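Examination of the molecular architecture
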Amino acid sequence: MTEQLLARPSKQQLAWQDLELGMFCHFGLNTFCDREWGEGSDSPGVFNPAALDARQWVTTAKLAGFNYFMLTAKHHDGFCLWPTKTTDYSVKSSPWRNGQGDVVRECADACREEGLRFGIYISPWDRHDPCYPDEAAYNEVYCAQLTELLTGYGPLVEVWFDGAGSEGRQYDWPRIMGLVKQYQPDAMVFNMGAPTVRWVGNEDGEAPYPCWNAAEAARVSMFTNDMTAWLPETPEWVPAECPVPIRGNHWFWHPNDETPLRSLEELIGLYERSVGHGATLLLNVAPDNKGLFLEEEVQRVIELGDEIQRRYASPLAKSSGGRSVSIHLKREEDIHRMVIMEQIEHGERVRSYVVEAEREGDWIEIARGSAIGHKKIDSLTVPIRASNIRLTILESVGEPHIRSFSVYNSL
């Protein structure tokens, strides 16, 4: 591969990758029916959160240092969290807010007030709509629903097209993508159609290593190893997003749920194996049937944000450069972690690198890797005490551009 053939991100992808942390919010009829996947037959009458507070949701994300917020505007059961004109299977048929409520609106407004980017999940699979078996008829319904969301709630950071239940199904992706480009040209598109963001391939919240940004396909869903059939205009640069629930494998709240809450240690590990592998972490926190986050989950998310700040907000030193980047500290320090970022607007050029520390006149290897991309975190099992540390690019496509090389002494 030559430098001229390297895939490069768009300015929208560059901005999205810098967000790094997003909060996912699964909420809907499933919340009131103790389900993960509704069948489309539950009554809208059960949807009645007594204390719904989208600002609590978004403020939690903000306090924890998250940068975007994704809402399941429509899950697989077909129930719409906004008063769509396409079906009565929505909040307008519920007792909540006397049928005048709009969860999508409340989330969009809260995100705007808190300065978070807002995105929507709109399931292509619809287990309620009677015309779903008729592909042409359902395409009309789905495109109308999508248009409402694209035009009614301000700028969107991402539109999530989930592949579950749609294995083997053909939707009118050229038309769907045309709508996104027409109304939300800066929004990322997740995994289907002509995506600009791909599913990492698991629901564990971590990316494999290396996790290259250039991709030609991704898995459709958890239920098949089939790969997506992307449209020809899909860019070569398709970074990965890593979704994971904060509690076991539950995306929705359940009453009397004894599934353990992920520990802080587990969550910070997921951060270092998602964001730290060049991907983006999307952590799901589900409101309960009152419409509120559980306090213990709020506290755990804020603990995660605090721990990320403690570990990575204050480097001992940082530098930038090309094929060799050096850091010289005023005195010897215990080095626990290194963070490297490429200037990916030039493409993902680095193919291998080594980090070394000087000890008594000798350079000792302390980390080695292949991909850097947006961000690579290297943690040392045993810290090394040093004042001189250097990053050397061993192999690259063209000249490498290191955006930053930082070292940390936080345990």
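Residues numbered from 1 in each chain as written. Predicted model: local features only at pLDDT ≥ 70, side-chain atom pairs only at ≥ 80, totals over all residues. Heavy atoms only, no water.

1. Focus: the overall build of the protein
So the rule is basically this: Numbered from the N terminus, helices here are DSSP runs of H or I no shorter than four residues, and strands are runs of E no shorter than two. Restricting the calculation to C-alpha atoms gives the radius of gyration, and the globule rule supplies 2.2 Å times the number of residues raised to the power 0.38. Each residue is assigned to one of three classes by its accessible area relative to the maximum for its type, calculated with a 1.4 Å probe on protein chains only: buried under 20%, partly exposed between the two thresholds, exposed over 50%. Only heavy atoms matter for contacts: two residues are in contact if any of them lie within 4.5 Å across the pair. Only the protein chains shown count as covering a residue, and every accessible area follows the Shrake-Rupley method with a 1.4 Å probe. By the counting scheme adopted, Arg and Lys are positive, Glu and Asp are negative, and His together with the chain ends is not counted. Positions of charges follow a simple convention, taking NZ of Lys, CZ of Arg, CG of Asp or CD of Glu.
When helices and strands are counted, the protein shows eight helices and 16 strands. For 411 residues, the compact-globule estimate of 2.2 N^0.38 gives 22 Å, and the protein sits close to it at 22 Å. Along the first, second and third principal axes, the C-alpha atoms of the protein reach 75 × 45 × 35 Å. The 411 residues of the protein split such that 59% are buried. In the protein, the proportion of contacts linking residues at least 24 apart, taken out of those at least 6 apart, comes to 76%. When the accessible area of the protein is evaluated, it comes to approximately 16500 Å², of which 46% is carbon and sulfur surface. Of the charged side chains in the protein, 39 are positive and 60 negative, and the gap between their average positions amounts to 5 Å.

2. Observations regarding the packing of aromatic side chains
Put simply, the rule reads: Note on aromatic contacts: the rings of Phe and Tyr and the six-membered ring of Trp form a pair at centre separations within 6.5 Å, being stacked when their planes are under 30 degrees apart, edge-to-face when over 60 apart, and tilted otherwise. Placement of a charge over a ring requires the Lys NZ or Arg CZ to be within 6 Å of the ring centre, with the centre-to-atom vector within 35 degrees of the ring normal.
All told, the structure shown has 25 aromatic pairs when counted by the stated rule. Aromatic ring contacts, followed pair by pair, group F27, F32, F47, W57, F79, Y89, W96 and F293 into a single cluster. Above the face of the W363 ring, R390 is positioned so that its terminal group lies 4.0 Å from the ring centre.

3. Considerations on the state of the cysteines
To keep things clear, this is the line we draw: The disulfide criterion is simple: two cysteine sulfur atoms within 2.5 Å.
Within this structure, the stated rule accounts for zero disulfides. As a non-bridged cysteine, C33 has C80 as the owner of its nearest cysteine sulfur, 15 Å distant. Unpaired in this structure, C242 has its nearest cysteine sulfur neighbour in C211, at a distance of 6.4 Å.

4. Considering helix α7 (residues 264-274)
All buried positions along α7 are accounted for by L267, I268, G269, L270, Y271, E272 and S274. Where α7 is buried, its residues touch β1 (21-25), β9 (240-245), β10 (280-284), α8 (295-312), β12 (324-342) and β15 (376-396).

5. Some remarks on the sheet that holds strand β5 (residues 188-190)
To keep things clear, this is the line we draw: Paired strands, in this sense, are two strands between which DSSP finds at least two bridges. Here an angle of 0 to 180 degrees is reported between the N-to-C directions of two axes, which are lines fitted to C-alpha atoms, with helices fitted over the stretch in contact.
Strand order in the open sheet formed by eight strands is β5-β4-β3-β2-β1-β10-β9-β6, and the pairing between neighbours is parallel. The open sheet has two edge strands, β5 and β6 (198-199), and neither has a second partner. Sheet contacts for α7: β1, β9 and β10; angle to β10, the most-contacted strand, approximately 150 degrees.

6. Brief notes about the nonpolar core
One recurring pattern in soluble globular proteins is that nonpolar side chains are buried together. Formally: Here, nonpolar core means buried Ala, Val, Leu, Ile, Met, Phe, Trp, Tyr and Cys residues that are tied together by side-chain atoms lying within 4.5 Å of each other.
In this structure, F47, W57, F69, L71, V103, F118 and F161 are the most contacted members of the largest nonpolar core, which totals 81 residues. Non-local contacts of F161, meaning those with residues more than four positions away in its chain, are made with I122, P124, Y142, L146, W173, I176, V180, V189, F190 and M192. One finds I327, L329, I340 and V407 within the second-largest nonpolar core, a separate group that totals 22 residues.

7. With respect to a nonpolar patch on the surface
The criterion, for reference: Within this analysis, patches are made of residues with over 30% relative accessible area and no salt bridge. Like charges are joined at 9 Å or less; nonpolar side chains (Val, Leu, Ile, Met, Phe, Trp, Tyr) at 5 Å or less. Any Lys or Arg side-chain nitrogen located within 4 Å of an Asp or Glu carboxyl oxygen qualifies as a salt bridge.
Residues W37, M222 and F223 make up a contiguous nonpolar surface patch of roughly 310 Å² in combined accessible area. Summarising the element assignment, W37 is placed in the loop between α2 (29-33) and α3 (54-63). Look at W37 and you get partly exposed, because its relative accessible area is 33%.

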